[in-house]
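Residue-level structure breakdown
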Amino acid sequence: GGIWNGANVTVTSNSTVYLASGANMDMANTTVTNDGTMLWSSGYIQGGGNSPGTFVYNYGLWDVQCDQVWNFGSYQGNGTVFNNYGTLRKSVGTNSSQTLFPGGMVLNQLAGMLDVQRGNFSLQGSANFSGGFVTTNNTGTTILSGGNFNLSGGLTSSNVVENGGVPVGDNVI
């Protein structure tokens, strides 16, 4: 846990950062560039803020090993944008719980892979799937449950559920 508010954080290749805490991990008005490995195993992450908000550029592996929320709670404002060029993986969880990107959190799947191996990965903010792949198996589900979703690059997956999300633009599934 900790506070990265207002920071620019770069994780170099061959480096690992562990995000683990019973408390919130605050990343308001923060830019995170991941070229290595981020392991999120417990605790809420809180992003957002008024100037400029939170931006994540994932070129490495961001492994979600918990069923938690990436919130923009008390910071509100511009929210969080997660730009995925590497691998965003959910490797732990059950089908009765979820990792949640709520409203105020936008996922841009630009290249690379969204890899849901176990449990539910629920998107209630908006998302743009313009490149890369979404993979799931019989124990992992990607849920488009709220917000606007643009599937312009095509969404290829065996286990994606639209449950309240709104497709916008020209969508290819």
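Everything numeric here is computed off the predicted structure, so don't read it as measured data.

**Considering the nonpolar core**
- Formed by 29 residues in total, the largest nonpolar core has its most connected members in Trp-40, Trp-62, Trp-70, Phe-101, Leu-107 and Phe-129.
- Of all the secondary-structure elements, those providing two or more residues to this core are strand S2 (8–11), strand S6 (37–40), strand S9 (61–64), strand S14 (105–109), strand S15 (113–116), strand S16 (119–123) and strand S17 (127–129).
- Those residues in contact with Trp-62, other than ones at most four positions away along the chain, are Leu-19, Val-32, Asn-34, Met-38, Trp-40, Ile-45, Val-56, Trp-70, Phe-82, Thr-87, Leu-88 and Arg-89.

**Section: the side chain of Ser-21**
- Within the element layout of this structure, Ser-21 appears in the loop between strand S3 (16–19) and strand S4 (25–26).
- Residue Ser-21 is classed as buried on the basis of its relative accessible area of 18%.
- There is a polar contact of 2.8 Å between the side chain of Ser-21 and the backbone nitrogen of Ala-23.
- Not counting the four nearest positions on each side in its chain, Ser-21 is found in contact with Gly-1, Ser-42 and Gly-43.

**Considering the packing of aromatic side chains**
- Applying the stated rule across the entire model yields eight aromatic pairs.
- Ring geometry for Tyr-59 against Tyr-85: centres 4.9 Å apart, planes inclined by 10 degrees, an arrangement best described as stacked. Of this pair, Tyr-59 sits in the loop between strand S8 (54–58) and S9 while Tyr-85 sits in the loop between strand S11 (80–84) and strand S12 (87–90), and the two are 26 residues apart along the sequence.
- With 6.0 Å between their ring centres and 45 degrees between their planes, Phe-82 and Phe-101 make a pair best called tilted. Placement of Phe-82 in strand S11 and of Phe-101 in strand S13 (residues 98–101) is noted, with a sequence separation of 19 residues between them. Here Phe-82 matches Phe-101 in class, with each residue buried.
- Through pairs of rings, three or more aromatic residues link up here, namely Trp-40, Trp-62, Trp-70, Phe-82, Phe-101 and Phe-121.

**Comments concerning the sheet that holds S17**
- An order of S2-S5-S8-S11-S14-S17-S20-S22 is seen for the eight strands of this open sheet, with the pairing classed as parallel. On the outer flanks of this sheet lie S2 and strand S22 (166–167), each paired with one strand and no other.
- Here S17 runs beside strand S20 (residues 148–150); their pairing, made up of two bridges, is parallel. Pairing of Asn-128 across the sheet is with Asn-150, part of S20.

**What to know about the pattern of salt bridges**
- Applying the stated criterion to the full structure yields two salt bridges.
- Measuring nitrogen to oxygen at the nearest pair gives 2.6 Å for the salt bridge that ties Lys-90 to Asp-67. Of this pair, Lys-90 sits in strand S12 while Asp-67 sits in the loop between S9 and strand S10 (70–71), and the two are 23 residues apart along the sequence.
- Accessibility expressed as a relative area gives 1% for Lys-90, which makes it buried.
- The exposure class assigned to Asp-67 is partly exposed, which follows from its relative accessible area of 28%.
- Asp-115 is the salt-bridge partner of Arg-89, the closest N and O atoms lying 2.9 Å from each other. Placement of the pair is Arg-89 in strand S12 and Asp-115 in strand S15, with a sequence separation of 26 residues.

**Observations concerning the pairing of S15**
- Relative to S15, S12 is paired through four bridges, and the arrangement is parallel. Looking at the pairing, Leu-88 lines up with Leu-114 of S15.

**Topic: unusual backbone geometry**
- Cis geometry marks the peptide bond from Ser-51 to Pro-52, where omega comes out at 5 degrees.
- The topology assignment puts Pro-52 in the loop between strand S7 (45–46) and S8.
- Positive phi outside glycine occurs at Asn-14, with the angle close to 65 degrees.
- Phi at Asn-29 takes a positive value of approximately 50 degrees, unusual for a residue other than glycine.
- Tracing the backbone through its elements, the reader meets Asn-29 in the loop between S4 and strand S5 (31–34).

The rules behind these values
Residues numbered from 1 in each chain as written. Predicted model: local features only at pLDDT ≥ 70, side-chain atom pairs only at ≥ 80, totals over all residues. Heavy atoms only, no water. Core = buried A, V, L, I, M, F, W, Y, C linked by side-chain atoms within 4.5 Å. Buried < 20%, exposed > 50% of the residue type's maximum accessible area, 1.4 Å probe, protein only. Helix = DSSP H or I, 4+ residues; strand = E, 2+ residues; numbered from the N terminus. Contact = heavy atoms within 4.5 Å. Polar contact = N/O pair within 3.5 Å; in protein donor to acceptor, adjacent residues only side chain to side chain. Phe/Tyr/Trp six-rings, centres within 6.5 Å; stacked < 30°, edge-to-face > 60°. Pairing = 2+ DSSP bridges. Salt bridge = Lys/Arg side-chain N within 4 Å of Asp/Glu carboxyl O.

Read these as layout, nothing more, since geometry by itself doesn't imply function.
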